[in-house]
Amino acid sequence: MEIFNRLPREVRVLVNTFSVEHRPNLEKVHVDLFHKFGMDELLYDNSWTYCANDMCEREILKDESVMSTIMDYEHHFCNDECESYGSWSIWYDYRKYGRTQGNQGSIINHPFPL
Ligand SMILES: [Zn+2]
């Protein structure tokens, strides 16, 4: 904080305009503006996502998707077939990343053999 106080006043004011605490209020302003100007479709809808199968990537509803947790991250898929290939592909990427890091894939206890 001492370093921050040494900055010129104009810079401190500018930095404070980016306060994380302002974001919820700014979101309310954006929602009001989008409603006022009839641009509701631009609002982000958290119920939609894209199929995590990189060969599909169809837009899907999270509530109707097949969900799989891989390496503590939730992945949503269209159906069981997309989940099967998509999960294999995600694990493949993790294994490949592990090999490039020199640990031969030991970062994970994956269900698919090499
Ligand atoms: Zn899919």
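Heads up: the structure comes first, above all this text.
Below: a short report on this structure. (Residues numbered from 1 in each chain as written. Predicted model: local features only at pLDDT ≥ 70, side-chain atom pairs only at ≥ 80, totals over all residues.)

1. A look at helix 4 (residues 80–100)
Turning to step 1, where the next piece is worked out: For helix 4, built from 21 residues, the straight-helix expectation of 30 Å at 1.5 Å per residue is met to within 8% by its first-to-last C-alpha distance of 30 Å.
Turning to step 2, where the next piece is worked out: Inspection of helix 4 places Cys82, Glu83, Gly86 and Ser87 among the buried residues, and these make up the whole buried set. An end-on view of helix 4 places all buried positions within 120 degrees of arc, on one side of the element. Away from the buried face of helix 4 by more than 90 degrees, exposed residues Glu81 and Lys96 are located.
Turning to step 3, where the next piece is worked out: Packing partners of the buried residues in helix 4 comprise strand 3 (66–70) and strand 4 (73–77).
Turning to step 4, where the next piece is worked out: Count one or two residues on from helix 4 and you reach Gly102, which has phi positive near 80 degrees. (Helix = DSSP H or I, 4+ residues; strand = E, 2+ residues; numbered from the N terminus. Expected span 1.5 Å × (residues − 1). Buried ≥ 20, exposed ≤ 12 C-beta atoms within 10 Å, placed from the backbone. Arc of directions from axis to C-beta. Contact = placed C-beta atoms within 7 Å.)

2. Regarding the nonpolar core
Turning to step 1, where the next piece is worked out: One finds Cys51, Ala52, Ile60, Phe77, Cys78 and Cys82 forming the largest nonpolar core, which totals six residues.
Turning to step 2, where the next piece is worked out: Aside from chain neighbours lying at most four places away, what touches Ile60 is Thr49, Cys51, Ser65, His76 and Cys78. (Core = buried A, V, L, I, M, F, W, Y, C linked by C-beta atoms within 7 Å.)

3. Points about the pairing of strand 4
Turning to step 1, where the next piece is worked out: As judged from the five bridges shared by strand 3 and strand 4, these two strands associate in the antiparallel manner. Bridging from a neighbouring strand, Ser68 pairs with His75 of strand 4. (Pairing = 2+ DSSP bridges.)

4. Considerations on unusual backbone geometry
Turning to step 1, where the next piece is worked out: A positive phi angle, close to 50 degrees, is found at Met71, a residue other than glycine.
Turning to step 2, where the next piece is worked out: Position of Met71 relative to the elements: it lies in the loop between strand 3 and strand 4.
Turning to step 3, where the next piece is worked out: On the basis of neighbour counts, which here come to 11 C-beta atoms within 10 Å, the residue Met71 falls in the exposed class.
Turning to step 4, where the next piece is worked out: For Asp72, which is not glycine, the phi torsion reads 70 degrees and is therefore positive.

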